[in-house]
Amino acid sequence: MSQHPIRTIVIVGGGTAGWMTAAALSKTLGDSIAIRLVESDDIGTVGVGESTIPMIRRFNQALGIDEADFVRATRATYKLGIEFCDWGHEGERYMHGFGRFGQDLGALDFHHYWLRQHHAGKEHDLGRYSINQMAARTNRFMPADPALANSPLGDITHAYHVDAGLYARYLRTYAEARGVRRTEGKVVDTVLRTADGHVDAVRLQHGELLHGDLFIDCSGFRALLIGAAMGSGWEDWRHWLPCDSAWAVPCASAGEPLPYTRATARPAGWQWRIGLQHRTGNGHVFSSAHMDDDAARTILLANLDGAPLAEPKLLRFGAGRRTAPWQRNVVAIGLSSGFLEPLESTSIHMIQTAIARLLAFFPDRAFAQADSDEYNRQSAFESERIRDFLILHYHATRRTGTAFWDHCRTMALPDSLQARLELWRSRGRIVREGGELFSEVGWLQVLVGQGIAASGYHALADVPGEQQVANHLAGVAAVMRKCVDVMPAHGAYINHLLRSNNRESHATASQ
Ligand code: FAD
């Protein structure tokens, strides 16, 4: 037992980051530590962030959240991956589907055999070896069936599209039920201890002081504590990720929701489309150095599936990260700790990993420097690897004729990404370092999808006979097709889930 345990945690901010943190800490710490959260309805939240990646299911499981309840409360749909339109070249499309690919043959990754056949001119469609991609193409969905561990139906890997406002509300109910105390109010000042520069309290507009031992800065882009009070530095990545603005607008749904996010390249950025149960979320992410706000807004409104349901909202940001997201007794989680790009839906995931890291290095009031140093080192590694993956999408293009894409295509790359591309280009190798978010098959799909050619493949892929490799690939593709045929339509699956959850709730209520 520590002699100086943390007694009070103050979370500043009640967006997705604030409430995810409050929910996870209240579940993990029980009532051993008082948790207070302050947020301001006047300021509000960023209001976007509706596309997730599969690791969110681990977060929900750790919190003991029931999937049907979650899907109902957040008006969620399922997500099997992201479809990229017009990125490699206008008119092209490919998908980054979650989960496994193919079936390994011998000691090598599946993709080396695919590359061998591709080089022989016999293989072009990588997607037919992914159960997620095959299901997405036909708008089908079911979750992985654990009873079918040897079938691709046991490999389906899903995430969700959620309504951001409803998600924060859902987590708030969860956290408050576990003792988190919410205070409505505006933080106007931070009181520092003279002895060590730690935060002693935050002052609210009406004068109240909220004291704490540990402060979590979830104040979004304002970064009230980590930036203004702690002065933690900022690493700017805008030269690699030049998009710095977005117009966001919801619109009426048109037809069945798709089980994937769509990201369509535009002349100075790209547009997202996220189908929920009750509406479609849209946004146009663009570089203000290459397009003015009005032009960007016009492009967004001209490319909606249905009537807009609100006035478009303009958001500004800059790609980069805090050099020290944990400084003294302040830990920044969410947008206050940095932001890259919404393109691969990594931001909510990074909130989740920051919470997990905080729990792994949970401090006492001595705040050992070694703990925060390691926390910061791990955060940097995570952000840099995700950054490289995002840069790849912009750089790997044959689009010409617009200043934005010309810049992206010709820009100098970080050394870490350059090294990866060389490994791929020579022998189709993809190396994932421990702890990196994106898997080999994630990189594979983007590299192939955006037309970066590998001039060779693993030498050992030539060991099996040509016919054996051809039969193996054909067999895998045939199994994928058969599996997809038995899957329900995405919309039908959601309706079924919600109906059965309704019946269960009624049954429980009448017991
Ligand atoms: P915010 O939502 O801004 O919350 C900040 C909180 O701090 C609010 O409650 C606010 O009231 C409070 N606050 C601020 N100042 C004060 C003050 N002085 N006093 C009291 N309270 C204060 N992520 C994904 O994973 N997937 C996506 O698809 C995705 N799309 C995105 C698209 C865009 C254009 C952008 C900009 C981001 C996107 N993100 C996405 C990121 C995602 O939106 C955020 O990571 C997530 O919403 C968390 O935000 P936050 O809680 O850190 O900040």
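As a reminder, the structure under discussion sits directly above these lines.
The notes below deal with the structure included here. Just so it is clear, the model here is predicted, and its values are computed rather than measured.

Bringing the overall build of the protein chain into the picture now. Of the regular secondary structure elements, the protein chain holds 15 helices and 21 strands. Taken against the 2.2 N^0.38 rule, which gives 24 Å for 511 residues, the C-alpha radius of gyration of the protein chain at 24 Å falls within 12% of a compact globule. Dimensions of the protein chain, computed from the C-alpha atoms along their principal axes, are close to 75 × 60 × 55 Å. Here the protein chain, with 511 residues, has 55% of them falling under the buried criterion. Considering only contacts within the protein chain whose residues lie at least 6 apart along the sequence, 77% involve residues at least 24 apart. Accessible surface computed for the protein chain: about 21,000 Å², of which carbon and sulfur atoms make up 50%. Each charge class in the protein chain can be summarised by its mean position, and for the 52 positive and 55 negative side chains these summaries are 3 Å apart.

Quick look at the site of the ligand now. The environment of the ligand is formed by 35 residues, the closest being Gly14, Ser51, Val187, Ser347 and Ile348. A distance of 3.4 Å separates an oxygen atom of the ligand from a polar backbone atom of Gly15. Between the ligand and Ser51 there is a distance of 2.8 Å, counted from a nitrogen atom to a backbone nitrogen or oxygen. Notes on the ligand: free accessible area 1,000 Å², of which the protein chains cover 97%. Residue assignment for the shell around the ligand shows that the elements contributing at least two residues are α1 (16–29) and α9 (347–360). No other element matches α9, which puts three residues into the shell around the ligand. Of the residues assigned to the shell around the ligand, the class counts are 16 nonpolar, 15 polar and four charged.

Quick look at helix α12 (residues 415–427) now. If you check α12, its first and last C-alpha atoms are 19 Å apart, about what 13 residues at 1.5 Å a residue would give, namely 18 Å. The complete set of buried residues in α12 reads Leu417, Arg420, Leu421 and Trp424. The buried residues of α12 occupy an angular sector of 95 degrees when projected down its axis, which confines them to one face. Buried residues belonging to α12 abut α4 (110–119), α10 (369–395) and α13 (440–449). Looking at the residues trailing α12, positive phi occurs at Gly428, about 65 degrees.

Quick look at the nonpolar core now. In this structure, Ile9, Val71, Trp87, Ile216, Ile333 and Tyr394 are the most contacted members of the largest nonpolar core, which totals 143 residues. Among the elements that line this core, the one with the most residues is α1, at eight residues. If we skip the residues at most four places from it in the chain, Ile216 touches Ile9, Val10, Ile11, Val12, Thr21, Leu25, Val331, Ile333 and Leu358. Core analysis: the second largest hydrophobic core is formed by 15 residues, Val199, Leu210, Phe215 and Met230 among them.

Next up on the list: empty space enclosed by the protein. Evaluation of the coordinates by the stated rule reveals four cavities of 30 Å³ or more. Of the voids in this model, the largest cavity is the one considered here, and its volume is about 250 Å³. If you trace the largest cavity, you find 22 residues lining it, with Gly334, Ser337, Gly338, Met350 and Ser383 closest to the centre. Of all the secondary-structure elements, those providing two or more residues to the lining of the largest cavity are β18 (320–322), β21 (338–339), α9 and α10. The element best represented in the lining of the largest cavity is α9, accounting for five residues. Class assignment for the residues of the lining of the largest cavity results in nine nonpolar, eight polar and five charged. Among the elements that line the lining of the second largest cavity, the one with the most residues is α12, at three residues. Across the lining of the second largest cavity, the residue classes tally to six nonpolar, no polar and two charged.

To continue, consider unusual backbone geometry. The phi torsion at Asp86 lies on the positive side, around 70 degrees, for a residue other than glycine. Here Asp86 shows up in the loop between β4 (81–85) and β5 (93–97). The residue Ser345 is not glycine, and still its phi comes out positive at about 55 degrees. Relative to the assigned elements, Ser345 resides in the loop between β21 and α9.

Moving on to the environment of Thr353. With respect to the helices and strands, the residue Thr353 is situated in helix α9. Sequence separation of Thr353 and Val180 is 173 residues, and the distance between their C-alpha atoms is 21 Å.

Taken together, three strands build an open sheet; the order of strands is β8-β9-β10 and the sheet is antiparallel. In this open sheet, the two edge strands, each paired with only one partner strand, are β8 (187–192) and β10 (209–211). In this sheet, neighbouring strand axes are inclined to one another by 25 degrees on average, regardless of whether the strands run parallel or antiparallel. Sheet topology places strand β9 (residues 199–204) next to β10; three bridges connect them, and they run antiparallel. Within β10, the position partnered with Val202 by the bridge is Leu210.

The rules behind the values
Residues numbered from 1 in each chain as written. Predicted model: local features only at pLDDT ≥ 70, side-chain atom pairs only at ≥ 80, totals over all residues. Heavy atoms only, no water. Helix = DSSP H or I, 4+ residues; strand = E, 2+ residues; numbered from the N terminus. Rg over C-alpha atoms; globule rule 2.2 N^0.38 Å. Buried < 20%, exposed > 50% of the residue type's maximum accessible area, 1.4 Å probe, protein only. Contact = heavy atoms within 4.5 Å. Areas by Shrake-Rupley, 256 points an atom, 1.4 Å probe, with all protein chains shown as cover. Lys, Arg positive; Asp, Glu negative; His and termini not counted. Charge placed at Lys NZ, Arg CZ, Asp CG, Glu CD. Near = heavy atom within 4 Å. Polar contact = N/O pair within 3.5 Å; in protein donor to acceptor, adjacent residues only side chain to side chain. Nonpolar A, V, L, I, M, F, W, Y, C, P; charged D, E, K, R; others polar. Expected span 1.5 Å × (residues − 1). Arc of directions from axis to C-beta. Core = buried A, V, L, I, M, F, W, Y, C linked by side-chain atoms within 4.5 Å. 1 Å grid on protein atoms, 1.4 Å probe; cavity = no way out; pocket = protein on both sides within 12 Å on 5 of 7 lines; lining within 4 Å. Points joined across faces, edges and corners; volume = space filled by probe spheres on them. Pairing = 2+ DSSP bridges. Axes fitted to C-alpha atoms, helices over the stretch in contact; angles between N-to-C directions.

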